[in-house]
Amino acid sequence: MTRMLASVTGVDEAGIALSSGVDIIDLKDPKAGALGAVSTQTIRRTISLIAGRAPVSAVCGDLPMEPETIRAKAEEIAAAGVDYVKIGLFPSANVSACAAALAPLGARTKLIAVLFADLAPDFELLPMLAKHRFHGAMVDTANKANGRLLDHLPPERIPGFIDRAKSLGLMVGLSGSLEAPDIPRLLPFAPDFLGFRGALCGHSGRVGSISAEAVAQIRELIPEASRAGGASSIDYRLLAARGYSPGTDPTLGTDKIFVRDFVLPVQIGAYSFEHGHTQKVRFDVTADVLQVTDHPEDMRHVFSYDIIMDGIRTIVARGHIQLSEALAEQVATYILENPRVVRVTVRVEKLELGPGGVGVEIERKRQSAGRGVASGPAGRKDQGAASRPRQEGPEVIRRAIVKPSVVKLGGSTADAADMADWIAALAGSKLPIVIVPGGGRFADQVRETQIYMDFSDIAAHAMAILAMEQFAQVILDHDERLAPARSLEEMLCALDAGKVPVWLPSSLALPAPDIPASWDVTSDSLAAWLAGKLGANALLLIKQTGAFFGSDTIDSLAARGIVDAGFAAMLPDGVDVHLAGPKNAADAGALLAAGNLPGIRIAAGIRSARKAG
């Protein structure tokens, strides 16, 4: 869940921000530069006012890149009692030395490095920041008169920065003269926070005072985190896949938002002569969007066409795409992730293969989209061909309705003779399942390396999750019926298409605040966590051991090391746990093809009593 950070000058503005539901109170003096610092006395007074109701950050000022100067100021800010200390890292040969000087402070205070979009930021610094115990990294702008964040950091570059930072276990933020129209464009990238100053000051500019009205307008554009202090338990992407749209009025219809004749250079084509260079591709997209009011006044009431263009740019920037059909599907999937979009038509035309355009046009709609959507089947057509209805057989409908089971394929299976049998059995499942890969030998390498390189559990946690993704690639390589899935939406889309999704966990698991960075939490616990997110009824753990019995409970398995120590706490109530070993591999294919899970069911017993107590 993306949080809202509001930069304030002191007690009075902090009170306005706090009463408006801002998630993070950030102290700075905008008259003193991009990262102008306030006095420690102001920091202490503001912290006293807030009294723990929201985390507080403070900037160190626009300091020269001198290690001792930066270390001394950061120590001073930290001693005032803030939750986060923000340090601007300006381009300099001394950046690494400055970060290293802050490493001892990073062991006891959450340091946030600030890079600047208008000063050619070097994102290769991110591993160095993680090494020196920084808690997070954000991108801002240094010269506020020289444009907004997106003027210097185009949307297609943002996922690379965010994904790299999160893979290193870093908190991620975006700021830089952000305005209301920027918010719906940036939320799909899932930063941990968005930072604001000028947009909160109305027409008075960033050096004026913030206004409650302006703060409220920005606040309403960012879905709020749980006010209890944890992350929201609502997963809007999953709800979107089920046709839910918050804030819509059932008496209203839909609007059509379109982007026409949008031409970009794209690396596309299946022929060898199409590789190694770009060709012009034209996109035409129309989205049917649920209305929230019949009197739209600001960004809260509309679906921005910038989201469509940003999505296309982001997909194109990933690299070569073989087929126009694949490109169109990716664009449609991206747009349908927004809970207000109920149907989308995407037309992709390659403009350089002849005297006229050639390409494909597809129409996709959300399952059970409800009002404002035609009841007929979604169609697909290409140029010169009649529209053909897409057949949605009983199996696809069943997958969309029945909750999937989660199956964790242990990483130790990679060293077993029955690995191929297990993968084939799972790929042929008629029961809707989502596969969670173990870490196996890839995670073992992280454990061993941590011993002699002495890095933190936070770094090890990020690396172990990436180890799971390495085994996921092994699994995916074995059967074309398997599909990679990073988000809940992608899992559901794969199931609807008759595929078996294999979870690549970094995008969901690394930023999740309810997943501890500890070796007590392995892929067993992550599978349990995902079962909760999906609302699954059953979780199957496939192990390379047969030392479990029908009399076992979750606690007895944890005591013998068959499941990890954190598993009981991560397992949601109401999820049945099944365990299978090598002896179950031979029959697994037939059981899954018949809609049943192999192995034995494990009694909850003691685990439930412990939770209740």
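Residues numbered from 1 in each chain as written. Predicted model: local features only at pLDDT ≥ 70, side-chain atom pairs only at ≥ 80, totals over all residues. Heavy atoms only, no water.

**Focus on the pattern of salt bridges**
Right, so step 1: All told, the structure shown has 26 salt bridges when counted by the stated rule.
Right, so step 2: Residue Glu469 pairs with Arg486 through a salt bridge whose shortest N-O separation is 3.4 Å. Here Arg486 lies in the loop between β17 (482-485) and α17 (488-496) and Glu469 lies in helix α16 (residues 457-476), a separation of 17 residues in the sequence.
Right, so step 3: Looking at Arg486, the relative accessible area reads 34%, which means it is partly exposed.
Right, so step 4: Across the pair Asp524 and Lys543 runs a salt bridge whose closest N-O atoms are separated by 2.8 Å. In this pair, Asp524 is assigned in helix α19 (residues 523-534) and Lys543 in the loop between β19 (538-542) and α20 (554-559), connecting sequence segments 19 residues apart. Lys543 shares its class with Asp524; the two are buried. (Salt bridge = Lys/Arg side-chain N within 4 Å of Asp/Glu carboxyl O. Helix = DSSP H or I, 4+ residues; strand = E, 2+ residues; numbered from the N terminus. Buried < 20%, exposed > 50% of the residue type's maximum accessible area, 1.4 Å probe, protein only.)

**Examining the sheet that holds strand β8 (residues 193-196)**
What holds strands together in a sheet is hydrogen bonding between their backbones, with the strands either parallel or antiparallel.
Right, so step 1: In spatial order, the strands read β1-β2-β3-β4-β5-β6-β7-β8; together these 8 strands close into a barrel with parallel pairing. The mean angle between the axes of side-by-side strands here comes to 25°, regardless of whether they run parallel or antiparallel.
Right, so step 2: Here strand β1 (residues 3-8) pairs with strand β2 (residues 24-27) via 4 bridges, running parallel. In the strand pairing of β2, Leu5 is matched with Ile24.
Right, so step 3: Relative to strand β4 (residues 84-88), helix α3 (residues 67-79) is tilted by about 155°, and along the sheet it contacts β3 (56-59) and β4. (Pairing = 2+ DSSP bridges. Axes fitted to C-alpha atoms, helices over the stretch in contact; angles between N-to-C directions. Contact = heavy atoms within 4.5 Å.)

**Here we look at the packing of α3 against helix α4 (residues 95-106)**
Right, so step 1: Viewed as axis vectors pointing N to C, α3 and α4 meet at an angle of 30°, and their least axial separation amounts to 8 Å. As for the relative orientation of α3 and α4, their crossing is right-handed in sense. Contacts between α3 and α4 involve Pro67, Ile70, Arg71, Ala74, Glu75 and Ala78 from the former and Ala97, Cys98, Ala101, Leu102 and Leu105 from the latter. (Left-handed = near helix turned anticlockwise from the far one by under 90°.)

Functional significance is not addressed by these values, which are geometric in nature.
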